[in-house]
Structure formats: C-alpha cells, structure tokens
Amino acid sequence: MDELNGKLIACQILITGLIARVANEQRDPLRFLTDFRDEIKAVVNGVNIAGMENTDRVRATAQRTVDELFSLMKPPSGD
C-alpha cells in the first residue's frame, strides 16, 4: 500500500508540474489554470464509478485531490 501511495504522489507531482509548464506558456496563466481546474472537476463529477457501494465518498476524495493539486500552484510572480 505504501508503494501505491508513493506512486500516486509521484504522479500528482508530475501532473502538477506539467500543468504549471503549460500554464506558463499561456498569455493569461491564471485564467488557464482556473478554466482547466473547472474542466477537471466537471470530469470528476461525470465519471462513472462502477463496482462500489459508496461512490459519493470516492467522488468527494477525487474532488479534494483536484483541489489539493491546484492549491499547490502559486500565481505568477510580479517580477
């Protein structure tokens, strides 16, 4: 289980870096991140979770994970 958690954390870090890199190449990085976050949340809300009794709990955890990923990103500096 620890190995799986480590791989998931590594994946989150990789995705966060990729999103930040793409955002930096946009004219308005903050707007890009906001729009992208909203799209990801819509996907999480619409994804079909099969084989579980309590899908609301899984969906809530996924939503929190999305929020955590985007909270790691800081707005661009004024420099």
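Residues numbered from 1 in each chain as written. Predicted model: local features only at pLDDT ≥ 70, side-chain atom pairs only at ≥ 80, totals over all residues. Heavy atoms only, no water.

Turning next to the overall build of the chain. Along the chain, the regular secondary structure elements total three helices and zero strands. Of the regular secondary structure in the chain, the N- to C-terminal order runs α-α-α. For the chain, the residues scored as buried account for 18% of the 79 residues in total. In the chain, once contacts between residues fewer than 6 apart in sequence are set aside, the share between residues at least 24 apart is 46%. Counting every atom, the chain has about 6,500 Å² of accessible surface; 56% of that belongs to carbon and sulfur. (Helix = DSSP H or I, 4+ residues; strand = E, 2+ residues; numbered from the N terminus. Buried < 20%, exposed > 50% of the residue type's maximum accessible area, 1.4 Å probe, protein only. Contact = heavy atoms within 4.5 Å. Areas by Shrake-Rupley, 256 points an atom, 1.4 Å probe, with all protein chains shown as cover.)

Before going further, it helps to examine the confidence of the model for the chain. Looking at the chain, the pLDDT average stands at 79 and 86% of residues meet or exceed 70. Per-element confidence in the chain ranges from a low mean pLDDT of 77 for helix α1 (residues 2–24) to a high of 85 for helix α2 (residues 29–46). (pLDDT = per-residue confidence, 0-100.)

For the rest of this paragraph, the subject is the packing of aromatic side chains. Counting across every chain of the model gives one aromatic pair. Taking 5.9 Å as the distance between ring centres and 15° as the angle between the ring planes, the aromatic pair formed by Phe32 and Phe36 counts as stacked. Taken together, the positions of Phe32 and Phe36, both in helix α2 and four residues apart, correspond to about one turn of that helix. Residue classification places Phe32 among the partly exposed residues on the basis of a relative accessible area of 24%. (Phe/Tyr/Trp six-rings, centres within 6.5 Å; stacked < 30°, edge-to-face > 60°.)

At a minimum axis distance of 9 Å, the contact between α2 and helix α3 (residues 55–71) shows a crossing angle of 165°. With respect to α3, the element α2 is oriented roughly antiparallel. Regarding α2 and α3, the two cross each other, and that crossing is right-handed. Two secondary-structure elements touch here, α2 through Leu33, Phe36, Arg37, Ile40, Lys41, Val44, Asn45 and Gly46 and α3 through Arg59, Ala62, Gln63, Val66, Asp67 and Phe70. When the residues that make up the contact of α2 with α3 are grouped by side-chain class, the tally is seven nonpolar, three polar and four charged. (Axes fitted to C-alpha atoms, helices over the stretch in contact; angles between N-to-C directions. Parallel < 35°, antiparallel > 145°, perpendicular 65-115°, else oblique. Left-handed = near helix turned anticlockwise from the far one by under 90°. Nonpolar A, V, L, I, M, F, W, Y, C, P; charged D, E, K, R; others polar.)

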